[in-house]
Amino acid sequence: MAETAIPEVLPDTVQEQQDKPRSDLEPGFLVICWNDPVNFMDYVTHVFQRVFGWNKSKAQFHMRQVHEQGKSVLARESMEKAEHYVHQLQKYSLHATMELDT
Amino acid sequence: MKLLRTTPEQVVFLLGNREKELLLSVLRLYPRIPPAHQQLSKNPERLPDREGGQRLLAESLAEQRAEQQKRLRLLIEDRRRLSATQSGWELALSPGELEWLLQVLNDIRVGSWLAAGSPEDLLGRITERTAPHIWAMEVSGSFQMGLLHMLEGEQPA
């Protein structure tokens, strides 16, 4: 991801779905955003806010995960919803995919 | 590029002559990302409907590209959107149009990066072949950051 100012983020980002029993969530597909050296960090934050409706600090937390760890799991969803999110993220030209959660 | 005024319906920017020419030159490059580049999954064999899912994505992105091209043509040709004033050129966009302009600019930026060979280090990769792609990346990126700063309520540097 191309460098821009890295904000101080106090994450409020514990995945909400972790509270639910796994059996309630299956079958599940992970929506993942992968790092690349071309998308600006501010742009990625903006896209996460637009696509998922997140506040800025949550969007920045995931953006930093992408930048520092190479990827971030943005959501765990049904196939249809995961497809929807990947379509939206790719319309912004982010490197996003859906993967079966096992 | 300067933010002149904002209303709930419209955001109006002022562009200098050179900026306007640069913006139009770079927008004419759209679309730049090859359709085959955009994949639904890194492990498509594990998806229930591998081919159907990829086809849906390709159709959705193709529809978006066609729509964006139509909007771009209108933007470039519509004198009410891009009009000459004494101090330069005024560009008027609705908030929705701002969003698709960001998408278009990022398509150009990412597609140009791919065309340049996806370099990790841009400066080390400037050659006669890659220079036009790197130029397009930098110009589209500059307008993109300008728009983002204005969305945040800041004037771009």
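Check the entry above for the structure.
1. Some remarks on the sheet that holds strand 3 (residues 82-85) of chain B
All names here are of chain B. The four strands lie next to each other as 1-2-4-3, forming an open sheet whose pairing is antiparallel. The strands lining the two open edges of the sheet, one partner per strand, are strand 1 (2-6) and strand 3. In this sheet, neighbouring strand axes are inclined to one another by 25° on average, regardless of whether the strands run parallel or antiparallel. The pairing of strand 2 (residues 11-15) with strand 4 (residues 88-93) spans five bridges and is antiparallel. Looking at the pairing, Leu15 lines up with Trp89 of strand 4.

2. Focus: unusual backbone geometry
Tyr30(B) connects to Pro31(B) through a cis peptide bond whose omega is -5°. Locating Pro31(B) in the fold gives a position in the loop between helix 1 (17-27) and helix 2 (50-77). Its identity as a non-glycine residue notwithstanding, Ser93(A) has a phi of 65°, on the positive side. Relative to the helices and strands, Ser93(A) is located in the loop between helix 4 (79-91) and strand 3 (96-100). Its identity is not glycine, yet Ser118(B) carries a phi of approximately 50°, on the positive side. In this structure, Ser118(B) sits in the loop between helix 3 (95-115) and helix 4 (131-151).

3. Overview of helix 4 of chain A
Taking 1.5 Å per residue, 13 residues should reach 18 Å; helix 4 of chain A reaches 18 Å between its end C-alpha atoms and fits that length. Residues Ala82(A), Glu83(A), Val86(A), His87(A), Leu89(A), Gln90(A) and Lys91(A) constitute the buried set of helix 4 of chain A. Residues of helix 4 of chain A that are buried sit in contact with strand 1 (29-34), helix 2 (41-52), strand 2 (71-77) and strand 3 of chain A together with helix 2 and helix 3 of chain B. Where helix 4 of chain A ends, the next residue or the one after it, Ser93(A), has phi of about 65°, a positive value.

4. Remarks on the nonpolar core
Grouped burial of nonpolar side chains is what soluble globular proteins tend to show. Core analysis: the biggest nonpolar cluster contains 48 residues, and Val31(A), Val44(A), Val47(A), Val86(A) and Leu89(A) have the highest contact counts within it. Broken down by element, this core gets its largest block of residues, seven residues, from helix 3 of chain B. If we ignore the near neighbours within four places in the chain, the residues touching Val44(A) are Met1(A), Asn39(A), Met63(A), Val66(A) and Leu94(A).

5. Thoughts on the sheet that holds strand 2 of chain A
Residues and elements named next belong to chain A. Spatially, the three strands line up as an open sheet ordered 2-1-3, and their pairing is antiparallel. A strand with exactly one partner marks an edge of an open sheet, and here the two such strands are strand 2 and strand 3. The average undirected angle you get between the axes of adjacent strands in this sheet is 30°. In this sheet, strand 3 lies alongside strand 1 in antiparallel orientation, the contact comprising five bridges. Residue pairing for strand 3: Phe29 is matched across the bridge by Leu100. Across the sheet, helix 4 touches strand 1, strand 2 and strand 3, and the angle it forms with strand 3 is around 160°.

6. As for the interface of chain A and chain B
Taken together, the 18 residues of chain A in the interface contact 27 residues of chain B. When contributions to the side of chain A that touches chain B are tallied by element, the ones reaching two or more residues are helix 2, helix 4 and strand 3 of chain A. With six residues, helix 4 of chain A is the largest single contributor of residues to the side of chain A that touches chain B. Tallied by class, the residues present in the side of chain A that touches chain B amount to nine nonpolar, five polar and four charged.

7. Quick look at helix 2 of chain A
End to end, helix 2 of chain A covers 16 Å across 12 residues, agreeing with the expected 16 Å (1.5 Å per residue, within 8%). In the core, the buried residues of helix 2 of chain A are packed alongside helix 3 (56-69) and helix 4 of chain A together with helix 3 and helix 4 of chain B.

8. Some details on the environment of Leu93(B)
Residue and element names in this part refer to chain B. With respect to the secondary-structure elements, Leu93 resides in strand 4. Looking at Leu93, the number of C-beta atoms within 10 Å reads 18, which means it is partly exposed. A C-alpha to C-alpha distance of 22 Å links Leu93 and Ala136, two positions 43 residues apart in sequence. Apart from the residues lying within four places of it in its own chain, the contact partners of Leu93 are Gln10, Val11, Leu98 and Leu101.

9. A few points about the packing of helix 2 of chain A against helix 3 of chain A
How two helices pack is summed up by the angle between their axes together with the distance between the axes. All names here are of chain A. Close contact between helix 2 and helix 3 brings their axes to 8 Å; oriented N to C, the two are set at 130°. Between helix 2 and helix 3, the angle is such that the two are oblique. Classified by chirality, the crossing of helix 3 by helix 2 is right-handed. Taking contact as the criterion, the partners of Met41, Val44, Thr45, Phe48 and Gln49 in helix 2 are, on helix 3, Lys56, Ala59, Gln60, His62, Met63, Val66 and His67. Of the residues that constitute the contact of helix 2 with helix 3, the class distribution is six nonpolar, five polar and one charged.

Calculation criteria
Residues numbered from 1 in each chain as written. Chains lettered and ligands numbered in written order. Predicted model: local features only at pLDDT ≥ 70, side-chain atom pairs only at ≥ 80, totals over all residues. Pairing = 2+ DSSP bridges. Helix = DSSP H or I, 4+ residues; strand = E, 2+ residues; numbered from the N terminus. Axes fitted to C-alpha atoms, helices over the stretch in contact; angles between N-to-C directions. Expected span 1.5 Å × (residues − 1). Buried ≥ 20, exposed ≤ 12 C-beta atoms within 10 Å, placed from the backbone. Contact = placed C-beta atoms within 7 Å. Core = buried A, V, L, I, M, F, W, Y, C linked by C-beta atoms within 7 Å. Nonpolar A, V, L, I, M, F, W, Y, C, P; charged D, E, K, R; others polar. Parallel < 35°, antiparallel > 145°, perpendicular 65-115°, else oblique. Left-handed = near helix turned anticlockwise from the far one by under 90°.

In short, the description is geometric, and any link to function would need to be established separately.
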